[in-house]
Number of protein chains: 4
Amino acid sequence: MAENKIGSMSENMAENKTENSTGNMTDKMSEIKPYEHKVQYYETDQMGIVHHSNYIRWFEEARTYVLEEIGFGYREMEECGVMSPVLEANAEYKTMTHYSDRVLIDTKVVAYNGIRLQLAYTVRDKETGEVRCTGYTRHCFLTPEGRPLSLKRSYPEIHRIFEGLMEISDKL
Amino acid sequence: MAENKIGSMSENMAENKTENSTGNMTDKMSEIKPYEHKVQYYETDQMGIVHHSNYIRWFEEARTYVLEEIGFGYREMEECGVMSPVLEANAEYKTMTHYSDRVLIDTKVVAYNGIRLQLAYTVRDKETGEVRCTGYTRHCFLTPEGRPLSLKRSYPEIHRIFEGLMEISDKL
Amino acid sequence: MAENKIGSMSENMAENKTENSTGNMTDKMSEIKPYEHKVQYYETDQMGIVHHSNYIRWFEEARTYVLEEIGFGYREMEECGVMSPVLEANAEYKTMTHYSDRVLIDTKVVAYNGIRLQLAYTVRDKETGEVRCTGYTRHCFLTPEGRPLSLKRSYPEIHRIFEGLMEISDKL
Amino acid sequence: MAENKIGSMSENMAENKTENSTGNMTDKMSEIKPYEHKVQYYETDQMGIVHHSNYIRWFEEARTYVLEEIGFGYREMEECGVMSPVLEANAEYKTMTHYSDRVLIDTKVVAYNGIRLQLAYTVRDKETGEVRCTGYTRHCFLTPEGRPLSLKRSYPEIHRIFEGLMEISDKL
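Residues numbered from 1 in each chain as written. Chains lettered and ligands numbered in written order. Predicted model: local features only at pLDDT ≥ 70, side-chain atom pairs only at ≥ 80, totals over all residues. Heavy atoms only, no water.

All names here are of chain B. The backbone of Ser 100 shows a phi angle near 75°, a positive value even though the residue is not glycine. Looking at the element boundaries, Ser 100 is found in the loop between strand E2 (86–93) and strand E3 (102–112). We classify Ser 100 as buried; its relative accessible area is 16%. (Helix = DSSP H or I, 4+ residues; strand = E, 2+ residues; numbered from the N terminus. Buried < 20%, exposed > 50% of the residue type's maximum accessible area, 1.4 Å probe, protein only.)

Counting residues at the interface gives 26 residues for chain B and 26 residues for chain C. Taken as a group, B:Met47, B:His52 and B:Arg57 account for 24% of the area that chain B buries against chain C, more than any other trio of residues on that side. There are two salt bridges connecting chain B and chain C. Applying the counting criterion to the chain B and chain C interface returns 14 residue pairs in polar contact (both at pLDDT 80 or more). Of all the elements in the fold, those that place two or more residues in the side of chain B that touches chain C are helix H3 (53–69), E2 and strand E5 (131–140) of chain B. By residue number, the principal contributor to the side of chain B that touches chain C is E2(B), which donates eight residues. Among the residues making up the side of chain B that touches chain C, the classes are represented as 12 nonpolar, seven polar and seven charged. Bridging between E2(B) and strand E2 (residues 86–93) of chain C involves five bridges; their strand directions are antiparallel. By the bridge assignment, B:Ala89 is partnered in E2(C) with C:Ala91. (Contact = heavy atoms within 4.5 Å. Buried area = accessible area lost by both parts, 1.4 Å probe. Salt bridge = Lys/Arg side-chain N within 4 Å of Asp/Glu carboxyl O. Polar contact = N/O pair within 3.5 Å; in protein donor to acceptor, adjacent residues only side chain to side chain. Nonpolar A, V, L, I, M, F, W, Y, C, P; charged D, E, K, R; others polar. Pairing = 2+ DSSP bridges.)

Below, the discussion takes up the packing of helix H3 (residues 53–69) of chain A against helix H3 (residues 53–69) of chain D. Two elements in contact, H3(A) and H3(D), have axes whose closest approach is 8 Å; the angle formed by their N-to-C orientations is 175°. With respect to each other, H3(A) and H3(D) are oriented roughly antiparallel. Facing A:Ser53, A:Asn54, A:Ile56 and A:Arg57 of H3(A), the residues of H3(D) in contact are D:Ser53, D:Asn54, D:Ile56 and D:Arg57. Here the residues of the contact of H3(A) with H3(D) sort into two nonpolar, four polar and two charged. (Axes fitted to C-alpha atoms, helices over the stretch in contact; angles between N-to-C directions. Parallel < 35°, antiparallel > 145°, perpendicular 65-115°, else oblique.)

Below, the discussion takes up the packing of aromatic side chains. All chains considered together, the criterion is met by 40 aromatic pairs over all chains. Here B:Tyr41 and B:Tyr99 contribute two aromatic rings whose centre-to-centre distance is 5.2 Å and whose plane-to-plane angle is 75°, an arrangement assigned as edge-to-face. Taken together, the residues B:Tyr41 in the loop between strand E1 (35–38) and H3 and B:Tyr99 in the loop between E2 and E3 connect sequence positions 58 residues apart. Here the two residues B:Tyr41 and B:Tyr99 agree in accessibility, since each one is buried. Relative to D:Tyr93, the ring of D:Tyr55 has its centre 5.2 Å away and its plane inclined at 70°; by these criteria the two rings are edge-to-face. Of the two residues, D:Tyr55 sits in helix H3 while D:Tyr93 sits in strand E2 (residues 86–93), which places them 38 residues apart along the sequence. As far as burial versus exposure is concerned, D:Tyr55 and D:Tyr93 are alike and both buried. Members of the aromatic cluster, each reached through a chain of ring pairs, are A:Phe72, A:Tyr112, A:Phe141 and A:Phe162. (Phe/Tyr/Trp six-rings, centres within 6.5 Å; stacked < 30°, edge-to-face > 60°.)

Right, let's talk about the sheet that holds E3(B) for a bit. Each strand in a sheet pairs with another by means of backbone hydrogen bonds, the pair being arranged parallel or else antiparallel. Overall, antiparallel pairing links the 10 strands, which are arranged E1(B)-E3(B)-E4(B)-E5(B)-E2(B)-E2(C)-E5(C)-E4(C)-E3(C)-E1(C) in an open sheet. Strand pairing shows two members of the sheet lacking a second neighbour, E1 of chain B together with strand E1 (35–38) of chain C, which therefore form its edges. The mean inter-strand angle of the sheet, taken between neighbouring strand axes irrespective of direction, is 20°. Bridge analysis of E3(B) against strand E4 (residues 116–125) of chain B gives nine bridges, and the strand direction is antiparallel.

Let us now look at the interface of chain D and chain A. Frequently, the measure chosen for interface size is the accessible area that the parts lose on association. Listed per partner, the contact involves 26 residues of chain D and 26 residues of chain A. Carbon and sulfur atoms supply 53% of the area buried between chain D and chain A, which totals about 2200 Å² over both sides. Where chain D meets chain A, there are two salt bridges. Counting across the chain D and chain A interface gives 14 residue pairs in polar contact (both at pLDDT 80 or more). Elements that contribute at least two residues to the side of chain D that touches chain A include exactly H3, E2 and strand E5 (131–140) of chain D. For the side of chain D that touches chain A, the leading source of residues is E2(D), giving eight residues. Residue composition of the side of chain D that touches chain A, by class: 12 nonpolar, seven polar and seven charged.

Glancing now at the relation of the copies chain D and chain A. By a simple turn and slide, chain D fits onto chain A: the slide is 0.0 Å along the axis, the RMSD is 0.0 Å, and the turn is 180°. The superposition operator between the copies reduces to a two-fold rotation axis. Using C-alpha coordinates, one finds that chain D approaches the rotation axis most closely at D:Asn90, a distance of 2.2 Å. Take the interface residues of chain D: 100% of them recur as interface residues in chain A, which is what a same-surface contact looks like. (Least-squares fit on C-alpha atoms with pLDDT ≥ 70 in both.)

Should their charged atoms come close, side chains of opposite charge can pair. Tallied over the entire structure, the rule returns 48 salt bridges over all chains. Of the charged contacts in the structure, one is a salt bridge between A:Glu88 and A:Arg138, with a shortest N-O distance of 2.8 Å. Remark: A:Arg138 occurs in strand E5 (residues 131–140) and A:Glu88 occurs in strand E2 (residues 86–93); sequence separation between them is 50 residues. For the residue pair A:Glu88 and A:Arg138, the accessibility class agrees, reading buried in each case. The salt bridge involving B:Lys94 is made with B:Glu92; its shortest N-O contact spans 3.3 Å. A relative accessible area of 28% means that B:Glu92 is categorised as partly exposed. Salt bridges sharing partners connect three or more residues here, namely A:Glu88, A:Arg138, D:Glu92 and D:Lys94.

Our next topic: the relation of the copies chain B and chain C. Rotating chain B by 180° and translating it 0.0 Å along the rotation axis places it on chain C, where the RMSD comes to 0.0 Å. Residue by residue, 100% of the interface of chain B is reproduced at the interface of chain C, so both copies engage with the same surface.

Let's shift gears to the environment of C:Val131. As for its placement among the helices and strands, C:Val131 is situated in strand E5 (residues 131–140). In contact with C:Val131, other than residues within four places in its own chain, are C:Lys94, C:Thr95, C:Thr122, C:Val123 and C:Arg124.

On to the sheet that holds strand E1 (residues 35–38) of chain D. Reading across the sheet, the 10 strands line up as E1(A)-E3(A)-E4(A)-E5(A)-E2(A)-E2(D)-E5(D)-E4(D)-E3(D)-E1(D) and stay open at both edges, with antiparallel pairing between neighbours. With one partner strand each, in any of the chains shown, strand E1 (35–38) of chain A together with E1 of chain D form the two edges of the open sheet. Pairwise comparison of adjacent strand axes, ignoring direction, gives a mean angle of 20° for this sheet. Here nine bridges tie strand E4 (residues 116–125) of chain A to E5(A), and the two strands are oriented antiparallel to one another. Of the residues in E5(A), the one forming a bridge with A:Leu117 is A:His139. Running at roughly 65° to E5(D), H3(D) makes contact with E1, E2, strand E3 (102–112), strand E4 (116–125) and E5 of chain D of the sheet.

When you line up the elements, C:Asp45 lands in the loop between E1 and helix H3 (53–69). Summary of buried charges: C:Asp45 has no salt-bridge partner, and the nearest side chain of opposite charge, B:Arg63, is 8.5 Å away. (Lys, Arg positive; Asp, Glu negative; His and termini not counted.)

Attention shifts here to the environment of A:Ser53. By secondary structure assignment, the location of A:Ser53 is in helix H3. For A:Ser53, a relative accessible area of 0% puts it in the buried group. Along the sequence, A:Ser53 and A:Ser100 sit 47 residues apart, while their C-alpha atoms lie 17 Å from each other. Non-local contacts of A:Ser53, meaning those with residues more than four positions away in its chain, are made with D:Ser53, D:Ile56 and D:Arg57. A polar contact is formed between the side chain of A:Ser53 and the side chain of A:His51, at a distance of 2.8 Å.

Rendered as structure tokens:
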């Protein structure tokens, strides 16, 4: 069943393909706009700024947005029987974000080896471009039973996409 | 399997039983202390008070605490194949709660008919006893597949407990 | 200072004005699109659906969006020295919302008397239009010191806007 | 006013003092039990485990608990006009935490230089002792106006406490 799923996902991704997936993904990736988040009142704390824990949630918003844009969202992933828990999360807070601010978040693949994936994030104020926060998350891939899963071996199609994304990030 | 689970849960609850479960539950319920919650910094908003959405979460904390105290926590419930989604949640905010305050939450069964359950909550400041918030939640029971489930028919043991709890709440 | 603020806010709102604010607001209100929210992974719980407490937060998202659209956002409100705490929040959960769903939220002024305000919300699935949740919130207006504030007396300009909104909601 | 506050805080802390604050703090610190947190249902996500962003919030729970235990809670800090925003937060997720688990969190001062503070956290399952998560946060100190504040210069009393805590952590 998972195989069938992967099948339809591949077709899904194939829509944007011509010769090679990397080339296509480069185009696809360069088209992806930064993720936009509008700060909500419930995200503030009594210091009058966004509570620091929310940036970790914004990283997830940006991450899932990018994965969906390339046709491999969390929903598709989980339907294929691929879980991708967070191994590490890091955020460096540079300047403060306030209620009703709009921020833009850039996401980059900074490391990928077929088993693990590292993404980096930059949160900027939409209006001024000032950096609010930078950070990264590290991920592995698991079966629903919690066993480690090598994307390279089990899902070579998806593996090539992440490889492509890393190459693109290198070029950016 | 679920049946076995129920079996062990019944035994679990039987530990406190003598002649009838209602009588026993009265004792058990009267022993249950109000649930205590300490206000965390991340629960405040820029108004300098607890964000109103958190009270809905505190109701859940109090609810799961009481269910665990009577031996039928959410974990046991879900292991038995009983889901209990929230049908309605209501909170009336009386006075403000601030960071590092301690609140006590009383939970009462106010309605139960074998299919649906209504619980009422009172949140009080631990120090002054002043009422901070009152509210209620309504619940039904579902199978993991999402089909309605009559506790009365499928789990008569659990049904009698909730009946007992309602009778006790009436007496309080 | 607050007075000056109100001054500039009035001008701000005046941009969209012609003869009377109610007429203008009718136009303005009918132009306001429903608020759109995309369900995030961190909003789900282990039942595999959106945790019920988040709808209360979505109501806030929709409420602040509408207030900003009419030129009287929470930021402007607080800068004017008007606090608007929530007196009551209610949500009735009709059907379940899942990760990555998009929902549209309609907000209506259902009661306003110069001192208190009640808003009603309808959360619908963006794709199917199916109602996910309905609810309401009640609000009062306070000075930063926490004293009750009659918008009708202190800020007649804003008062007329809310009156206008209620009239419009009546017509919808 | 802030000075008076500090005065009473010093007395507050003096209650536990005999000859030198470091010696006293060693006693005090060794008496501080690990912070206990019970996992709530609303902290889970659809993977059936605690959402990773919550550990950042638990670090805050543990941090504010320890500061309160030594008599310098966030409430006292903010009343003294000392803000302590988070500069960086990091969490490494080792094993999964599930609904209704109880975790114990140890907090250590790993760096302090009069201007900046770094704390390290270890989250363990209460029952098995298995490490669930390790992490750290870095903090600075600011005036309410957002200007950097040297604890060493402005609040030598508090400065000595943090110095003492670091020395103790070194010994642990």
